[in-house]
Amino acid sequence: PGDRAEEPGIPVGEALVDVGGETADEMDAAFAREFLERQLTPYRIERVTGRKRGTSVFRPRSSDHPDDERWAGLLVPRVEGRAFFLNAQTIGDKIWHAIEAENPRVVVLDGSALFDIEYTALQMLIEAEAKLRQQGIMLWLASLNPEALKVVQQSSLGQTLGRSRMCFNLQNAV
């Protein structure tokens, strides 16, 4: 008694979520849009190309840090977030663009902020490693989080890279 959801003419779904005049369907659509936006764009790719002298702090190239240590022929892209079927192509395109611009001999993918690698992204990484190798460029992985490391180790990429090209941290890689 007195429960608004039981009043005639007011469906339970609307009674429970009628906030600001939005219906349940409108709120579901808004939530779905926000969820998809977060899933599609939770990643960022940085080129980590320097190390603060005398430390283990790696950071992007910047005129603010002219004394940072740098290594010719080394590209270190850091992928932040999640790599999966909806964003894998975009992530790959950005990294390939950096490879073409820098022409490195070694690409060390910094996975310290990569919390998930889904099957599609993993397959693209496997293909990228083969293509890089054909071009005389070595791919290394560094600082993978436990779940991402497990996924890579259980794949053919783990066998291809072996322990020598999967580094515990970026410091060990350079």
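Residues numbered from 1 in each chain as written. Predicted model: local features only at pLDDT ≥ 70, side-chain atom pairs only at ≥ 80, totals over all residues. Heavy atoms only, no water.

## Looking at the layout of surface pockets
This is how the line gets drawn: Put plainly, a pocket is an open set of points on a 1 Å grid over the protein atoms alone with protein on both sides within 12 Å along at least five of seven lines, a cavity is a set where a 1.4 Å probe fits but cannot get out, and a lining residue has an atom within 4 Å of a point. Grid points are joined across faces, edges and corners, and a volume is the space filled by probe spheres set on the points. To qualify as a helix, a DSSP run of H or I must reach at least 4 residues; to qualify as a strand, a run of E must reach at least 2; elements of each kind are numbered from the N terminus. Polar here means any residue other than Ala, Val, Leu, Ile, Met, Phe, Trp, Tyr, Cys and Pro, which are nonpolar, and Asp, Glu, Lys and Arg, which are charged; Gly is therefore polar.
In this structure, the largest pocket encloses a volume near 410 Å³. Lining of the largest pocket is provided by 22 residues; of these, Gly92, Ile95, Met124, Leu125 and Ala128 occupy positions nearest its centre. Per element, the largest residue contribution to the lining of the largest pocket is 8 residues, and it comes from helix α3 (residues 88–102). Looking at side-chain class alone, the lining of the largest pocket contains 17 nonpolar, 2 polar and 3 charged residues.

## Remarks on the confidence of the model for the protein
Selection rule: Confidence per residue, as judged by the predictor, is encoded in pLDDT with a range of 0 to 100. The contact criterion used throughout is that any non-hydrogen atoms of two residues lie within 4.5 Å.
Per-residue confidence for the protein gives a mean pLDDT of 82; residues scoring 70 or more make up 75%. Confidence drops under pLDDT 50 across residues 4–19; counting only partners more than four residues distant or on other chains, this segment forms 12 contacts.

## Description of the nonpolar core
Put simply, the test is: The nonpolar core is taken to be a set of buried Ala, Val, Leu, Ile, Met, Phe, Trp, Tyr and Cys residues, with the residues joined through side-chain atoms within 4.5 Å. Exposure classes here rest on a 1.4 Å probe applied to the protein chains alone. A residue is buried below 20% of its type maximum, exposed above 50%, and partly exposed in between.
Counting residues in each nonpolar core, the largest one holds 28 residues, and the members touching the most others are Ile99, Ile117, Leu141, Val152 and Leu157. Of all elements in the fold, only β4 (77–83), α3, β5 (106–110), β6 (114–117), α4 (119–134), β7 (138–142), α5 (146–153) and α6 (156–161) reach the threshold of two or more residues within this core. In this structure, Ile99 is in contact with Leu75, Pro104, Val107, Leu132 and Ile137, ignoring residues within four places of it in sequence. By size, the runner-up hydrophobic cluster in this structure holds 10 residues, among which are Phe58, Leu74, Val106 and Ala173.

## Here we look at the environment of Arg105
Quick note on the threshold: Throughout this description, a polar contact denotes any pair of N or O atoms lying within 3.5 Å of each other; where both atoms belong to protein, one of them has to be capable of donating a hydrogen while the other can accept it, and for residues adjacent in sequence the pair is counted only when both atoms sit in side chains.
Relative to the assigned elements, Arg105 resides in the loop between α3 and β5. Looking at Arg105, the relative accessible area reads 53%, which means it is exposed. In contact with Arg105, not counting residues within four places along its chain, are Ala72, Gly73, Gly136, Ile137 and Met138. Separated by 3.4 Å, the side chain of Arg105 and the backbone oxygen of Ala72 make a polar contact.

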